[in-house]
Structure formats: C-alpha cells, structure tokens
Amino acid sequence: MLAPDARVRLPRSRPRSPLRAIALRFAVALLLVVVAWGMVLVERDNYTDNLDGSVSAIDALYYTTVTLSTTGYGDIVPVTPGARLVNALVVTPMRILFVIVLVGTTIQALTERSRTEIRLARWRSRMRDHVLVLGYGTKGRNAVRALRLQGVRADRILVVDRQAQATADATADGYVAVTGDVTRSDTFRTALAERAERVVVALDRDDTAILAVLALRRISPHCSVVASAREAEHADLLRQSGASSVVISSETTGRLLGLAAVSPTAVEVVEDLVSFGTGLDLAERVVTAAEVGRAPEELGVPVLAVVRGGRPLRYADPAVGRLQAGDRLLYVAAG
C-alpha cells in the first residue's frame, strides 16, 4: 500500500491529449448519426409515422437520434421485412457502437487506471538492485546522466523528490519517480529502498540530506550511500548518519577555481576525467588472476589507486606492494 504522502510516477511513452480523444469520439458519433439518417431517408417509404403516416427528412433525423440513443419512443417504426432486417443487422450494431462511443471517456479512464495499477504491480515485483537518486535538481540530473553513461539502464534508476514538477520532469526523461518527503521512512518504503543497491543523495540542503540518510538507513542499512554536502563541516555528520561517501561541493569547486587560476589546462584534464565517455575516463575493475603478485606500475595502464579491503591505497602508498586477489584498480582509461 502506498504511503499517503508519496506517489509513484511511471514514465509515459506517448502522452495523449484528452481534448483530441473527446473530439475524435464526437466525430465518430456524428458520423454514425449521419450514416443512419441517410439509410432511413433512402428507405423512408418502408417506415410509418403514427402521427401522419409519412416520414419526412426531419422525421428521419428524429428517428435516427432516438434509435441510436436507445430511447425508442415507437412512434416511427419499420413496417416492411426489408426495413426491419436492415434495422436488426445494421442499425442495432450502430446503436451499440454509438453507446460505446458516448461512454468511451469513462471506459478509457477505467482502462487507463487498471493499466496503471498493472504497471505499478509489475514494477514493484521487478524493481530490485536499483539506484535511488534523491533530488532531481542540477546535481541530481547530472548524477543520473553520469549513471547512464556508466551503463546503468533507465529502468534501474528511481528518482525521489519532494517537488511534483521535479518528478514530472524525471518521468518525462524516462525514469520512474516518487513524489514525497525524502526525510520520511514511508517515502523510502514506497521507493522500495530496502531493495536498492546504491543511493545518491543530491539534495540542495545539507540538513535535509542528513535527515534523509538517517531515514534511509532505517529502511536499508546495507546499501551504498553517496551524498553531496555544500559545507565541509556537514560531511562528518553525513558520514555519521550513514553515508558511505561524501562529496563536498563547495570545497571541490573552490579547489578547481584555485587550480584554474594557476593551471587552466590542469582543470581541463580533471574535467575530462570526470566526464565519462570522451577523452580520458576514471575506471575501476577487479584485479585479474594474471595480475595478482605484480606491481601496479607493471600493468601498462596509469593506476591511480588500489582498493583493498574497502580502503583506497594511493599509487605511492608503500602499503600497496604487490597486487592481491580481490583488489580493485582505479585507473585512467581512454574514453
């Protein structure tokens, strides 16, 4: 059952205009009236009017409308076998179709609702090991873009944001989104956070990010959480709240600005490294069996760090020594 303050939005492939659908139904209904009216006019000698015995063009239109709308006062009736056969085989199916067209909007609404419920049920059953992205502002959008460039499928990404417009933008971009308060456990239950593999916290406020991580850890204590902090003093609070890794946006920006003032080309190289898919890329992989026992500088690729036991060892760290089974390499690869 969905939380009262959280709502799942599934992406739509082809948005449809309700005005266009109504206009199309009205046109079909009008066409049915015109066709039936023409049929009655052609065969009006086979009909009788209880008032004066003859059927005029207006009488034919009147008979058509009351017949198709299933009102049927019985004042104008087919009297010959041919007219009755046409009424049974042609007019009656048109009458049924006319009624269906008239109630088509209600039928479509019910069908759309059932289809949405089916899609939601299917999504809940299949969604696991996904990536939660909290916040779909500038940071969140770029985080999602980087995930996609790294090969994460769109159906493995779920966006959570408090603002309905942000989640609407996410679904327009092809991602499932949950509208809800990111500091509430109910929102994370709706987003199936207990099944998530990774969480990216890309919120605008540090205090909200801290509360979000605390609420998240109550639901999913084992997933990897990467958080963004504006201020360095809040980074420790985020780690204590349960964030696995924290990126300090203000300090990172300041360092890049200082580096750019001294060496603009160095900043270009850093931008190239963090922009996946072009030029140089930061890559990570597991050490192969053939590489175990070798030094990082013997591998033929620029190794920046070795991750051993979950702890990164810098390239020049004497503790790196020889590569071991289970080590992971962080290296520079050509994009």
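Further up the page is the structure itself.
Residues numbered from 1 in each chain as written. Predicted model: local features only at pLDDT ≥ 70, side-chain atom pairs only at ≥ 80, totals over all residues. Heavy atoms only, no water.

**A short note on the overall build of the protein**
- For the protein, the helix and strand inventory stands at eleven helices and 13 strands.
- Residue burial in the protein is summarised as follows: out of 335 residues, 36% are buried.
- Within the protein, residue pairs in contact and separated by at least 24 positions form 63% of the contacts whose partners lie at least 6 positions apart.
- About 19,400 Å² of surface is accessible on the protein, with carbon and sulfur atoms providing 59% of the total. (Helix = DSSP H or I, 4+ residues; strand = E, 2+ residues; numbered from the N terminus. Buried < 20%, exposed > 50% of the residue type's maximum accessible area, 1.4 Å probe, protein only. Contact = heavy atoms within 4.5 Å. Areas by Shrake-Rupley, 256 points an atom, 1.4 Å probe, with all protein chains shown as cover.)

**What to know about the pairing of strand 7 (residues 198–201)**
- Relative to strand 7, strand 4 (residues 131–134) runs parallel, the two being bridged by four bridges. The residue of strand 7 that forms the bridge with Leu132 is Val199.
- Where strand 7 lies against strand 8 (residues 224–229), four bridges are found, and the strand directions are parallel. Along strand 8, the bridge assignment pairs Val201 with Ala227. (Pairing = 2+ DSSP bridges.)

**As for the sheet that holds strand 7**
- Pairing in this open sheet of seven strands is mixed, and the strands run 1-6-5-4-7-8-9 from one edge to the other. Edge positions in the sheet fall to strand 1 (7–9) and strand 9 (245–248), since each has one partner strand and no second. Along the sheet, successive strands turn relative to each other by an average axial angle of 20°, direction set aside.
- Pairing of strand 5 (residues 157–161) with strand 6 (residues 176–179), which is carried by four bridges, proceeds in the parallel orientation. When the bridges of strand 6 are listed, Val160 appears paired with Val178.
- The strands that helix 6 (residues 164–172) touches are strand 1, strand 5 and strand 6; relative to strand 6, the one it contacts most, it runs at about 170°.
- Against the sheet, helix 10 (residues 249–262) makes contact with strand 8 and strand 9, and its axis sits at roughly 50° relative to strand 9, the strand it touches most. (Axes fitted to C-alpha atoms, helices over the stretch in contact; angles between N-to-C directions.)

**Topic: the side chain of Asp161**
- Within the secondary structure, Asp161 is located in strand 5.
- The buried charged residue Asp161 lacks any salt bridge, with Arg162 as its nearest oppositely charged partner at 6.7 Å.
- Within polar-contact distance, the side chain of Asp161 engages the backbone nitrogen of Gln163 at 2.8 Å.
- Filtering out sequence-adjacent residues up to four positions away, Asp161 remains in contact with Gly135, Tyr136, Ala166, Thr167, Val178, Thr179 and Gly180. (Lys, Arg positive; Asp, Glu negative; His and termini not counted. Salt bridge = Lys/Arg side-chain N within 4 Å of Asp/Glu carboxyl O. Polar contact = N/O pair within 3.5 Å; in protein donor to acceptor, adjacent residues only side chain to side chain.)

**Re helix 8 (residues 206–219)**
- Its 14 residues give helix 8 an end-to-end C-alpha distance of 20 Å, which sits within 8% of 20 Å, the value for a rise of 1.5 Å per residue.
- Burial within helix 8 is extensive, with ten of its 14 residues counted as buried.
- Buried within helix 8 are the following residues: Asp206, Thr208, Ala209, Ile210, Ala212, Val213, Ala215, Leu216, Arg217 and Ile219.
- Where helix 8 is buried, its residues contact strand 4, helix 7 (185–190), strand 7, strand 8 and helix 9 (235–241). (Expected span 1.5 Å × (residues − 1).)

**Comments concerning the nonpolar core**
- In this structure, Leu132, Leu158, Val201 and Leu238 are the most contacted members of the largest nonpolar core, which totals 35 residues.
- Among the elements that take part in this core, helix 8 stands out by supplying seven residues, more than any other.
- What Leu132 contacts, discounting residues up to four positions off in sequence, is Leu158, Val160, Phe188, Ala191, Ala193, Ala196, Arg198, Val199 and Val200.
- In this structure, Ala143, Leu147, Val152 and Ala166 belong to the second largest nonpolar core, which totals 14 residues. (Core = buried A, V, L, I, M, F, W, Y, C linked by side-chain atoms within 4.5 Å.)

**Topic: the environment of Asp204**
- Take Asp204: it is sitting in the loop between strand 7 and helix 8.
- For the pair Asp204 and Arg230, spaced 26 residues apart in sequence, the C-alpha separation works out to 8.0 Å.
- Setting aside its immediate chain neighbours within four residues, Asp204 contacts Lys139 and Arg230.

**Thoughts on unusual backbone geometry**
- Of note, the phi angle at Asp129 is positive, near 55°, even though the residue is not glycine.
- By the element assignment, Asp129 lies in the loop between helix 4 (104–126) and strand 4.
- Look at Leu192: it is not a glycine, yet its phi comes out positive at around 55°.
- We classify Leu192 as buried; its relative accessible area is 7%.

**Overview of the pattern of salt bridges**
- Per the stated rule, a full pass over the model turns up 14 salt bridges.
- Residue Asp186 pairs with Arg189 through a salt bridge whose shortest N-O separation is 3.1 Å. Linking Asp186 with Arg189, this pair stays in helix 7, spanning three residues, or about one helical turn.
- Asp207 is paired through a salt bridge with Arg205; the nearest N and O atoms lie 2.6 Å apart.
- Overlapping salt bridges bring together Arg141, Asp169 and Asp173 as one network.

**Observations regarding helix 5 (residues 138–149)**
- Here helix 5 is twelve residues long and its end C-alpha atoms lie 17 Å apart, about the 16 Å a rise of 1.5 Å per residue gives.
- Listed as buried for helix 5 are Gly140, Ala143, Val144 and Leu147. Down the axis, helix 5 shows its buried residues gathered within 100° of arc, on one side only.
- Where helix 5 is buried, its residues meet strand 4, strand 5 and strand 7.
- Just downstream of helix 5, Gly151 is the residue with a positive phi angle, here 100°. (Arc of directions from axis to C-beta.)

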